[in-house]
Amino acid sequence: LGRSHLSTAAEPSSSKSNPPRVPNLIGGSFVDSKASTVIDVINPATQEVVSQVPLSTDEEFKEAVSAAKKAFPSWRNTPITTRQRVMLKLQELIRRDMDKLALNVTTEQGKTLKDAQGDVFRGLEVVEHACGMATLQMGEYVSNVSHGIDTYSIREPLGVCAGICPFNFPAMIPLWMFPMAITCGNTFVLKPSEKDPGASVMLAELALEAGLPEGVLNIVHGTHDIVNAICDDDDIKAISFVGSNVAGMHIYSRAAAKGKRVQSNMGAKNHAIVMADANVDATLNALVAAGFGAAGQRCMALSTVVFVGGSKPWEDKLLEHAKALKVNAGTEPDTDLGPVISKQAKERIHRLVQSGVESGARLLLDGRNIVVPGYESGNFIGPTILSDINANMECYKEEIFGPVLLFMEADSLEEAINIINSNKYGNGASIFTTSGVAARKFQTEIEAGQVGINVPIPVPLPFFSFTGNKASFAGDLNFYGTMISTKPGSSALVYQLHYLGVTF
Ligand code: NAD
């Protein structure tokens, strides 16, 4: 398990060691790092050491940047149709290796195989989007702006770009980054999450198999030191970051001080408003899937439900649904949620739940003491629900990033919207209602990047941008989409209008 990503034609010698070392990719070759320090990549369900990721040296980082810099002139002059065809081939290869990729994601990250397939598939859609880059790159032209003078604008590649990835979508997020950047004609240095680097390496192998020239995509593993080197390096022109606020704001300010463009997608506290007129069955299913799916480790996971008119009428049924979920290793059939990423993450989630209890929340469902037969040492937490939450509680203020749902109450839609808009994050928000009037008010007044109406996890497909506002995003150019800057606060609205029984 999890070793397939090292068994390629370009196999480095260390892949034969046990556990295998994850190679860097520099100038078209998979190479062992000379680093003396490594971090264990641990299967969260079993604690098995899957591989070891090196803290690459500064010299290796510089070699990767220099390979990317060297590859840039000829890659930017490669016809865009040829660059697109590499993506066309890459999407075919990702489909071919979908199961292998998904198994690696489950082994290193813990999510269910079905969620892992989704992780790969969402990234694959960005590769498909990049296949149409020529159209996306069209500029503007106005003739005769003055006597005999025409003006036009051209979209040009910047040069060497870099990507810094989080652990929660080890296939999708690297695929948010490098396919768009390189198809535009840039070259790239990717720093995968040190917790689950395997999928990035497998995807890079596929990119080379698809015909990507050497040096166009490079991978350097590491943690803070490599990240700081990326921020400081004068040859790197732009950075894509996805992860927590502490890292994201550090990277945003350090790299911006060096004049780089940075897009920084950060933490979240995604709310749903449930109106009394919401369709009961559809809402229950949506809340449970969005709150507990992927063990709550999606940046668009639902963390807080605001019940307008009170949570009591919903509590029994929600408990019933939540208790029916199966917690198990992601490789086991019928698992609904797998483990959280690490022992530290599990301890942190336990602590935040406990702090909620101590500050007066009602613990409706406690998943902290769950034991999964056969996987006793896994980092499992069962679905957990805290009710009577108020905005001053630590468990509300902090992003929990685990299978924990918080219940709040409001007397009116107005009050519910105010609660959400007062939260520091603004990644996603949803409303469940059959009233077109309520839906429209919510859509107009809510301060969130992704807005769902009767859709629990409103993630935009790649022809729109993934946005975010307030503390959830820093920068002015969003990921994928038309690559046109969206003003902070503008929303990629994702609709699936289910205004049951309402005409307007
Ligand atoms: P993280 O910030 O701990 O790590 C992300 C990357 O930053 C890693 O590659 C890590 O090596 C590096 N890093 C971490 N701390 C650093 C520091 N102090 N200095 C320099 N580099 C540092 O995030 P994570 O735990 O891997 O991912 C979970 C977070 O990502 C959650 O907050 C989640 O909401 C967020 N996320 C956001 C989106 C979005 O689109 N808004 C999508 C996915 C995940």
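Going by an unreviewed UniProt entry, the protein chain carries the name methylmalonate-semialdehyde dehydrogenase (CoA acylating) and comes from Glycine max. Word for word, the UniProt comment on the protein chain under Sequence similarities (unreviewed entry) is "Belongs to the aldehyde dehydrogenase family."

## Details of the packing of helix 14 (residues 413-422) against helix 15 (residues 436-445)
Across the interface, helix 14 lies against helix 15 with an axial gap of 11 Å and an inter-helix angle of 25 degrees. Comparing the axis directions of helix 14 and helix 15 gives the class roughly parallel. Of the two elements, helix 14 crosses helix 15, and the hand of that crossing is right-handed. Contact residues: L413, E414, I417, I420 and N421 in helix 14; A438, K441, F442 and E445 in helix 15. Residue classes in the contact of helix 14 with helix 15 are distributed as five nonpolar, one polar and three charged.

## Focus: the pairing of strand 16 (residues 404-410)
In terms of residue burial, strand 16 counts as a mostly covered element, since six of its seven residues are buried. Sheet topology note: the strand 13 (residues 302-308)/strand 16 ladder contains five bridges and is parallel. Bridge pairing in strand 16 places V305 opposite F407. Two strands pair when backbone bridges link them, and strand 15 (residues 384-387) and strand 16 are joined in this way by three bridges, in the parallel orientation.

## Quick look at the environment of L405
Among the structural elements, L405 can be located in strand 16. Separated by 19 residues in the primary sequence, L405 and L386 have C-alpha atoms spaced 6.4 Å apart. Ignoring sequence-local partners within four residues, the contact set of L405 consists of L287, G291, F292, L302, S303, T304, V305, T384, I385 and L386.

## Describing the site of the ligand
As a matter of local geometry, the ligand sits amid 26 residues, with C165, E194, S244, M266 and E399 nearest to it. Between G243 and the ligand, the recorded distance is 3.3 Å, taken from a backbone N or O atom to an oxygen atom. Note that an oxygen atom of the ligand is positioned 2.6 Å from one of the side-chain N or O atoms of E399. Taking 840 Å² as the accessible area of the ligand by itself, protein coverage stands at 90%. For the shell around the ligand, the secondary-structure elements that each account for two or more residues are helix 6 (172-183), helix 8 (224-232), strand 10 (236-242) and helix 9 (245-256). When the residues that make up the shell around the ligand are grouped by side-chain class, the tally is 15 nonpolar, eight polar and three charged.

## Structural notes on the side chain of Q137
Locating Q137 in the fold gives a position in the loop between helix 5 (133-136) and strand 5 (140-146). For Q137, the contacting residues outside a window of four places in its chain are I80, R83, R155 and C184.

## Some words on the pattern of salt bridges
For the coordinates displayed, the defined rule picks out 22 salt bridges. Its salt-bridge partner being E315, residue R362 comes within 2.9 Å of it at the nearest N-O pair. With R362 in strand 14 (residues 362-365) and E315 in helix 11 (residues 312-323), the pair connects residues that are 47 residues apart, well separated along the chain. By relative accessible area, R362 is classed as partly exposed at 28%. With a closest N to O distance of 2.9 Å, D366 and R368 form a salt bridge. Residues joined by salt bridges that share partners form a network here, namely R96, D97, K100 and E209.

Definitions and cut-offs
Residues numbered from 1 in each chain as written. Predicted model: local features only at pLDDT ≥ 70, side-chain atom pairs only at ≥ 80, totals over all residues. Heavy atoms only, no water. UniProt positions renumbered as here; feature names shortened; annotations may be inferred. Axes fitted to C-alpha atoms, helices over the stretch in contact; angles between N-to-C directions. Helix = DSSP H or I, 4+ residues; strand = E, 2+ residues; numbered from the N terminus. Parallel < 35°, antiparallel > 145°, perpendicular 65-115°, else oblique. Left-handed = near helix turned anticlockwise from the far one by under 90°. Contact = heavy atoms within 4.5 Å. Nonpolar A, V, L, I, M, F, W, Y, C, P; charged D, E, K, R; others polar. Buried < 20%, exposed > 50% of the residue type's maximum accessible area, 1.4 Å probe, protein only. Pairing = 2+ DSSP bridges. Near = heavy atom within 4 Å. Polar contact = N/O pair within 3.5 Å; in protein donor to acceptor, adjacent residues only side chain to side chain. Areas by Shrake-Rupley, 256 points an atom, 1.4 Å probe, with all protein chains shown as cover. Salt bridge = Lys/Arg side-chain N within 4 Å of Asp/Glu carboxyl O.

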